[in-house]
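Structural characterization, general
Next come the chains, spelled out residue by residue.
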Amino acid sequence: MGKLLSLKLKIWRQRNNKEKGFFKTYHVNNISPNSSFLETLDFLNNQIICNEIKKESSPIAFDHDCREGICGMCSLYINGRPHGPDNLITTCQLHMRNFRDGETIYVEPWRAKPFPIIKDLIVDRSSFDRIMISGGYISVNTSGNPIDGNMIPISKDIADKAFDASICIGCGACVVACKNRSAMLFVSAKVSQFSLLPQGKIERKRRVLNMVNKMDEEGFGSCTNTKACEAECPKGISTEYISFMNKEYIRSFTI
Amino acid sequence: MFYLMSHNYLKLNSKIPQGSIKDKWENYKSTLKLVSPNNRSNIEIIVVGTGLSGGSACASLSELGYNVKAFCYQDSPRRAHSVAAQGGINASKNYKGDNDSVYQLFYDTIKGGDYRSREANVYRLSEISSNIIDQCVAQGVPFARDYAGYLETRSFGGTKVSRTFYAKGQTGQQLLLSCYSAMSRQIGKGRIKMYNRHEMLDLVVIEGVARGIIARNLISGEIERHAAHAVIIASGGYGNVFFLSTNAMGSNASAIWKVHNKGGFFANPCFTQIHPTCIPLQGDYQSKLTLMSESLRNDGRIWVPKKLEDAFLIRKETKKPEEINDEDRDFYLERRYPSFGNLVPRDVASRAAKERCDKGFGIENNETKEGVFLDFSSAIYKYGQEKANEIGIKKYNDIDIVNLGEKIMESKYGNLFHMYEKITNKNPYKTPMKIYPAVHYTMGGLWVDYNLMSSIPGCYVIGEANFSDHGANRLGASALMQGLADGYFILPYTIPDYLSRYVKDPKKISITHEEFEKSEINVKNRIKKFFVNKGKIPVDFFHKKLGSIMWEYVGMSRNHVKLSKAIKKIQELRNNFWENVFVPGKIEDGLNYELEKAGRVADFLELGELMAMDALQRKESCGSHFREEYQTEEGETLRDDVNYKYVSVWEKEENKSISDEIMHKENLNFTFVKVQSRSYK
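Residues numbered from 1 in each chain as written. Chains lettered and ligands numbered in written order. Predicted model: local features only at pLDDT ≥ 70, side-chain atom pairs only at ≥ 80, totals over all residues. Heavy atoms only, no water.

Moving on to the overall build of chain A. Across its full length, chain A carries 9 helices and 7 strands. Relative to its 255 residues, chain A shows a buried fraction of 59%. Restricting to contacts in chain A with at least 6 residues of sequence separation, those with at least 24 account for 70%. With an accessible surface of roughly 10,300 Å², chain A has 52% of that area assigned to carbon and sulfur atoms. The distance from the centre of the 34 positive side-chain charges to the centre of the 27 negative ones in chain A is 4 Å. (Helix = DSSP H or I, 4+ residues; strand = E, 2+ residues; numbered from the N terminus. Buried < 20%, exposed > 50% of the residue type's maximum accessible area, 1.4 Å probe, protein only. Contact = heavy atoms within 4.5 Å. Areas by Shrake-Rupley, 256 points an atom, 1.4 Å probe, with all protein chains shown as cover. Lys, Arg positive; Asp, Glu negative; His and termini not counted. Charge placed at Lys NZ, Arg CZ, Asp CG, Glu CD.)

All names here are of chain B. Topologically, Asn 366 is positioned in the loop between α10 (346–358) and β15 (372–375). At 2.7 Å, the side chain of Asn 366 and the backbone oxygen of Leu 281 are in polar contact. Residues contacting Asn 366, with those up to four places away along its chain left out, are Pro 280 and Leu 281. (Polar contact = N/O pair within 3.5 Å; in protein donor to acceptor, adjacent residues only side chain to side chain.)

The next point concerns helix α7 (residues 254–261) of chain B. All names here are of chain B. Burial analysis of α7 places 7 of its 8 residues in the buried class, which makes it a mostly covered element. For α7, the complete set of buried residues consists of Ser 254, Ala 255, Ile 256, Trp 257, Lys 258, Val 259 and His 260. Where α7 ends, the next residue or the one after it, Gly 263, has phi of about 110°, a positive value.

All names here are of chain B. Strand order in the open sheet formed by 4 strands is β17-β11-β21-β22, with antiparallel pairing between adjacent strands. Of all strands in the sheet, those with a lone pairing partner are β17 (445–446) and β22 (662–667), marking the two edges. Pairing between strand β11 (residues 266–267) and strand β21 (residues 646–651): 2 bridges, direction antiparallel. In the sheet register, Phe 266 faces β21, and the bridge partner there is Trp 650. (Pairing = 2+ DSSP bridges.)

For the rest of this paragraph, the subject is the environment of B:Ile363. Residues and elements named next belong to chain B. Topologically, Ile 363 is positioned in the loop between α10 and β15. Between the C-alpha atom of Ile 363 and that of Arg 297, which follows or precedes it by 66 residues, the distance is 19 Å. Ile 363 has contacts with Pro 305, Ile 314, Arg 315, Lys 369, Gly 371, Val 372, Phe 373 and Lys 434, leaving out every residue within four places of it along the chain.

Another point: the packing of helix α3 (residues 156–166) of chain A against helix α5 (residues 184–196) of chain A. All names here are of chain A. Between α3 and α5, the least distance of the axes is 8 Å, while the angle of their chain directions is 160°. As the angle between them shows, α3 and α5 are arranged roughly antiparallel. Every pair of crossing elements has a handedness; the one defined by α3 and α5 is left-handed. Every residue of α5 that contacts α3 at Ile 158, Lys 161, Ala 162, Ala 165 and Ser 166 is listed here: Ala 189, Ser 192, Gln 193 and Leu 196. (Axes fitted to C-alpha atoms, helices over the stretch in contact; angles between N-to-C directions. Parallel < 35°, antiparallel > 145°, perpendicular 65-115°, else oblique. Left-handed = near helix turned anticlockwise from the far one by under 90°.)

Residues and elements named next belong to chain B. Tracing the chain through its elements places Asp 108 in helix α4 (residues 102–112). For Asp 108, a relative accessible area of 7% puts it in the buried group. Separated by 3.0 Å, the side chains of Asp 108 and Arg 163 make a polar contact. Discounting residues that sit within four places of it in the chain, Asp 108 has contacts with Gly 158, Thr 159, Arg 163 and Leu 475.

Moving on: the pairing of strand β8 (residues 209–217) of chain B. Residues and elements named next belong to chain B. In terms of residue burial, β8 counts as a mostly covered element, since 9 of its 9 residues are buried. Inspection of the sheet shows strand β7 (residues 198–206) paired to β8 by 8 bridges, in the antiparallel sense. Note that in β8 the partner of Met 200 across the bridge is Ala 215. Linkage of β7 to β8, two consecutive antiparallel strands, is achieved through a turn of 2 residues, within which Glu 207 is found at a positive phi near 50°. Sheet topology places β8 next to strand β9 (residues 223–227); 5 bridges connect them, and they run antiparallel. Paired with Gly 212 across the bridge in β9 is Ala 227. Hairpin connection, β8 to β9: the antiparallel pair is bridged by 5 residues, and Gly 221 has positive phi, about 85°.

So, on to the packing of aromatic side chains. Residue and element names in this part refer to chain B. Considering all chains together, one arrives at 35 aromatic pairs over all chains under this definition. Measuring from ring centre to ring centre gives 5.3 Å for Phe 577 and Trp 578, while their planes differ by 85°; the resulting arrangement is edge-to-face. On the basis of relative accessible area, Phe 577 is assigned to the buried category, the value being 0%. In this structure an aromatic cluster arises from ring pairing among Phe 530, Phe 541, Phe 542, Phe 577 and Trp 578. Stacked on the ring of Phe 331, the Lys or Arg Arg 301 has its end atom at 3.7 Å from the ring centre. (Phe/Tyr/Trp six-rings, centres within 6.5 Å; stacked < 30°, edge-to-face > 60°. Lys NZ or Arg CZ within 6 Å of the ring centre and 35° of its normal.)

Let us now look at the interface of chain B and chain A. Chain B puts 78 residues into the contact, and the matching count from chain A is 76 residues. Interface of chain B and chain A: buried area, both sides summed, is about 6,400 Å²; carbon and sulfur atoms make up 54% of it. On the surface where chain B and chain A come into contact, there are 5 salt bridges. For A:Asp148, the salt bridge goes to B:Lys93, with nearest N and O atoms at 3.0 Å. Summed over the shared surface of chain B and chain A, the result is 41 residue pairs in polar contact (both at pLDDT 80 or more). (Buried area = accessible area lost by both parts, 1.4 Å probe. Salt bridge = Lys/Arg side-chain N within 4 Å of Asp/Glu carboxyl O.)

Residue and element names in this part refer to chain A. As assigned here, chain A comprises domain 1 (5–119) and domain 2 (125–139 + 151–251). Taking only C-alpha atoms into account, the centre of domain 1 sits 29 Å from that of domain 2. If you look at the interface, domain 1 gives 21 residues, while domain 2 gives 21 residues. In this assembly, domain 1 packs against domain 2 so that about 1,600 Å² is buried in total across both faces, 58% of it on carbon and sulfur atoms. Of all residues in domain 1, the largest losses of buried area upon contact with domain 2 belong to Pro 82, Pro 114 and Phe 115, amounting jointly to 35% of the total for that side. Seen at the junction of domain 1 and domain 2, the total is 2 salt bridges. (Domains from an automatic or database assignment.)

So, about the sheet that holds strand β13 (residues 301–305) of chain B. Strands in a sheet are paired, the pairing made by backbone hydrogen bonds, and the direction either parallel or antiparallel. All names here are of chain B. Strand order in the open sheet made by the 5 strands is β12-β16-β15-β13-β14, with antiparallel pairing throughout. What marks the edges here is a single partner per strand, and that holds for β12 (272–278) and β14 (329–330). Two elements, β15 and strand β16 (residues 433–442), share 3 bridges in a ladder whose sense is antiparallel. Across the sheet, Leu 374 pairs through a bridge with Met 433, a residue of β16.

Written out as structure tokens, the structure reads:
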């Protein structure tokens, strides 16, 4: 076990969507480098709660759930980077060994117009749900009796490619990494997964049109190919899928 | 504790249909009443939880035309903890031609559950399994495919066939997202009304039937009333009673516990699955444990050093596992269970790991020294050699082979290896993983009949939240199967039979009914209690304390003394909690994580006691439930089929304490499998 860390945390506090937010400074000591970033926030919250009995302050609200990098609930800019200073991980998988003793760490909620702040570090990502509702599915009834799974052979390469797109966890890092606040990586991952698979090809035109239109309507920006989204995506989803979606989009206007 | 039969015993009718096991479900379906399509939109159904079972139920029921209101505590249904399931989903398709069949899957599941599950339910599950795969393919789940384009499978514990369908190490995610897609389609049509960031805090029972819930909007803090014609509970398991588990931080037992408090019977609460392959505990700051998929046991070999001094040196980190020769390694699963080897069921593998660590062979450099190796080096070498042969490299050296092998491992388990490395800072391609058992799944849950209805009419329970299919131990890759079977294919057939009573008079019950009023007042009073309390101790303190009691006394190995102690300790802790817990903030503040946690921990503090009581009364060892007093000479479980071949079903009477709960017995009859001693040797 490495040396225990002492850290200065500057954390964004905001009571609700209407009031103004601000950075508040906290100090934590004796943090194990093997603990995770969210465990450090737990530790700090425990400290705040124990002190609160004396003074006015409330624990920091932040989203989290599975704590193993798959549910997509956790977020946070840590020192300006979505999911913090490591690659291919979510905030819950970020470990304190990535920080130096004595370091100052800035923690902010994700900032994008389509992700309004709810409280402190929690944002509302229901715009992603609404994009999914606009077309992120194959219109097959679930209580039916579909044909045998092997009646639709799918080449391994295509299956793998669809899989690589499908692993998006809907966390929103791509949006907040992008200077335009574009959701192209998120939308293209779903569009590509379904357009690549024979089952999804049938409604590919309708799907891409509806989802792209909804994305624009929700206020997400356009793509200018900076690839910042790919760099920060915790699942490493490739911007190739954005190109794929652009092709699909254009195709949708042809017969 | 009473063992009387109250008048409520009559409610314990499992409604298992007559006839041969093969025809039960088919024949039964034809007797069920239907609701015609034009009547369905007058009927409202509440679904609590949007994981695989809840999500699939929402999708299927809304497609059929019912009005569905779905509740989840997360910010989107896509985040339910089914998303974290890794390894795969079972189906008896026999694609590999290894003599798999509906019967074989049924038999493996019954045996895996150590003859403590319901035959009829398990057979139905096994029958439906194939349909689930087809359904998921149709919905666009990118399952692994072979080079011919057909569906690929792998093996899981407790079986001798390859029937587990998978999408790398993210099968749960893929299945859940396809459920979520299907739900999204219906939300768009307005057939599902989604309540994200809502938590159910009470079940409303009117004239003996479930008619709604009280929920808290977690953002605004408002307490809301929701009425319906039926309520479906799909809120998952209660593993978080142990504090440290592989469950999500928010996973909780509150929904099922509220149903229990309202008269819903609770079955087999002590059956808890401890999963053998999780990343060992690192320190007291830790908030959860991370699972490493069972699928890894396809290619990983589990071992500890044969010599105590080697184990000591490894713990001190002066010797590396790679430096220990094969002859000095104890592949204890292969040694003890030659016919299943590393693929024994989870309960068996977990106990074997504990046995080695208790004897001092643990290898983890932490306080408890508990940990064993999961080693991939032989598989890497084997796959490397195969690949080299395949691409026709004539002259190759070991380094080339290992490189080729590592690529294959990456394609199979890439995300798991990546996850392991991020958490431990060790590269599992180069050095064996360190693993140890952790709480994972709860086989126990609310009692349901063959229709999946609880003992409260109109309240259905599906997925991990019910009890019926896995007995005393669940086989790997069967949870996803059960969740989807319940939601996609069983409930949509059984629930109309109940709902048909409302067709003539579908008038909605008013939320001003006195039972709603009463429930809401109770919920509000309990919340108020947390704020007026002048305690000084944060909720987490109590949760951790409860977890350590549960792990030590009601964990992998139990006995009479420990369990009696646990009951006392939990009662003390519960009293202490209500006196000294501190919840910051004000009632009117709205979003308050500490308040949410306090409510959940208060329920865990009651459920924990019931689990210990249940473990105490079951004077036998079966599956995950290991009573030290009842074991064979070789340390295997010793079942008592004469006295304990039953489901323990607990009933809580209104305003009585946990220790006064009444236990009923649902006898288990096995007519289609021979009850044998369960051996994997």
